[in-house]
Amino acid sequence: QLQNKILILTICAAGIGGTFQYGYNISIINAPASYIQMFMNTTWLERMGVPLESNVILLLWSFTVSAYPLGGLTGAVVAGPMAIMLGRKMSLLLNNVFVIIAATLSGFSRMAKSFEMIMLSRFFTGVNAGVSMNIQPMYLAESAPKKLRGAVALTSASFTALGLVLGQVVGLRELLGGEESWPFLLASNVVPALIQLTALPWFPESPRYLLIDCGDKESCISALQKLRGTSDLSTELEEMLAEQAAVKGQRAKNPWELFQNPALRWQLVSVVVLSSAMQLCGNDSMYFYAAYVFQEAGIPQDKIPYVVIGTGSCELITSVTCNMIIDYAGRRPLLLGGYIFMAGWAIIFMVALSQQTQISWMPYLSMACIFAYILSFGIGPAGVTGVLPTEVFDQMSRPAAYMICGSLLWFNLFLVGTAFPFIVKSLAHFCYIPFLVVCVCTALYVWFFLPETKGKSFLEISEEFRKRNFRSKTRAGFYRGPEEIKTTTL
């Protein structure tokens, strides 16, 4: 039972201008794609007197689309220093400036007859998403009580899925997806930003940040009392003070210092593997295939956007379900189950695609595979991956860890977006083989190397990883052969 409605309201205020924007801005660009390409052509014709060739329009469009992950990568890199210097809450508030700039640029792009403004607007939108994807889970996990930490941090994934679905709905022709209204569709992301700017200032900063980073015990107690709705905070405060003592005298680490520190080796490997797998598992590419598969299944062209909303809703339903069960089921079973099921569905999907024209009911099996794949992704990998960096790193390493995770996430999103059309071209129906390999390898990694973090304090988790990081040294403590040989050659 949640003790206090303040915690629920904090989650909503952080989410609506946070990861909600990531999902929303990914999906609103799909509906007006053809109109924006026409706008690019007519603008160029007015300027130069000659129309653009189709391959140049395609190139300009791919620049527009790839500006988003490029901005995301920039946002992920600046998120770490922002979280350390400004605090978690202030960073989220300041982050809305990027969206306001983006909405202004895209809203006035047609009036100014400039498609470059749309590209720039997508870059700023990406910066906003990059910052919020890193700082929101950190802020929420640090503000949540231990037994609800997984569920609270996982709301980030639910807000992403909610943004995705709402973006698909608002992008329908009947709403803002028409030829006349697309600048308003692209500028509509200013609404969540304004809601967050109004609501979030009323809620407390992360208690852990106040105590461990700022050394302000009074503010920390006041924030805890608001969030918990109770004055009995002795055990939780004790844990935080122990954590503060453990990092006493240390400063916030830089990303490269994490790579150099042997005490953080397994934590870093775990989050690198899982952050990369989240984008390289092929979930986003399922959306790429959705329209084609639905068309093959005989769904009329004008009805396809409504069915695509169903795919987004799948992710929303599973991430909310995952929210409810993560603190009962644990992190490992959800990740393992998600990747194993995705591997299974990938095999069935490739078989179904190869038999699409031969067997009449195969398109329906392909459709089922798309929904099942997205459901499997939503139940585990989509949410748990974002929670892990908060749990496996201490307060001083956490912002740097999120910088590494965020950078990988956006780089891989860019990589998959660029490479997938070529993979489809070369492998045809078997284009899911690379994704299948990723899913199997990730499941094996989780099974053999990832410890469970459910219901443990941050210090207990650190201790478990410390044993892992230094286990190999204690085992190999007696053999000094190669080291001696090395020193003689020197």
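Residues numbered from 1 in each chain as written. Predicted model: local features only at pLDDT ≥ 70, side-chain atom pairs only at ≥ 80, totals over all residues. Heavy atoms only, no water.

Draft legend 1. Region of interest: the packing of helix H7 (residues 116-143) against helix H21 (residues 398-427). Two elements in contact, H7 and H21, have axes separated by 10 Å at closest approach and are oriented at 140°. Between H7 and H21, the crossing angle belongs to the class labelled oblique. The way H7 lies across H21 gives a crossing that is right-handed. For the pair formed by H7 and H21, the contact residues are Gly-126, Ala-129, Gly-130, Met-133, Asn-134, Pro-137, Met-138 and Glu-142 on the first element and Arg-398, Pro-399, Tyr-402, Met-403, Gly-406, Leu-409 and Trp-410 on the second. (Axes fitted to C-alpha atoms, helices over the stretch in contact; angles between N-to-C directions. Helix = DSSP H or I, 4+ residues; strand = E, 2+ residues; numbered from the N terminus. Parallel < 35°, antiparallel > 145°, perpendicular 65-115°, else oblique. Left-handed = near helix turned anticlockwise from the far one by under 90°. Contact = heavy atoms within 4.5 Å.)

Draft legend 2. Local environment of the domain arrangement of the chain. According to the domain assignment, the chain contains domain 1 (1-203) and domain 2 (257-472). Taking only C-alpha atoms into account, the centre of domain 1 sits 22 Å from that of domain 2. Contacts between the two partners involve 41 residues from domain 1 and, on the opposite side, 44 residues from domain 2. Counting the surface lost from both domain 1 and domain 2, the interface buries some 3,300 Å², and carbon and sulfur atoms represent 68% of this. Among the residues domain 1 hides against domain 2, the three largest losses belong to Arg-149, Leu-154 and Gln-168. Together they make up 18% of the total. A salt bridge links Glu-142 to Arg-398; the shortest N-O distance between them is 2.8 Å. (Domains from an automatic or database assignment. Buried area = accessible area lost by both parts, 1.4 Å probe. Salt bridge = Lys/Arg side-chain N within 4 Å of Asp/Glu carboxyl O.)

Draft legend 3. Up close: the nonpolar core. Judged by nonpolar contacts, the single largest core of 68 residues is most densely connected at Tyr-339, Trp-410 and Tyr-432. Counting residues per element, this core draws most heavily on helix H18 (residues 331-354), which supplies 10 residues. Here this core spans two domains, and each of domain 1 (1-203) and domain 2 (257-472) adds at least three residues to it. Once residues lying within four places of it in the same chain are set aside, the contact partners of Trp-410 are Tyr-22, Tyr-68, Pro-69, Gly-72, Leu-73, Ala-76, Gly-126, Ala-129, Gly-130 and Met-133. With 42 residues, the next largest nonpolar core counts Ala-83, Met-119, Ala-144 and Phe-159 among its residues. (Core = buried A, V, L, I, M, F, W, Y, C linked by side-chain atoms within 4.5 Å. Buried < 20%, exposed > 50% of the residue type's maximum accessible area, 1.4 Å probe, protein only.)

Draft legend 4. Summary view of the layout of surface pockets. As a volume, the second largest pocket reaches approximately 330 Å³. Forming the boundary of the second largest pocket are 18 residues, of which Val-247, Leu-264, Gln-267, Asp-394 and Ser-462 lie nearest the centre. Listed by contribution, the elements that provide at least two residues to the lining of the second largest pocket are helix H13 (234-246) and helix H23 (458-475). When the residues that make up the lining of the second largest pocket are grouped by side-chain class, the tally is 8 nonpolar, 5 polar and 5 charged. (1 Å grid on protein atoms, 1.4 Å probe; cavity = no way out; pocket = protein on both sides within 12 Å on 5 of 7 lines; lining within 4 Å. Points joined across faces, edges and corners; volume = space filled by probe spheres on them. Nonpolar A, V, L, I, M, F, W, Y, C, P; charged D, E, K, R; others polar.)

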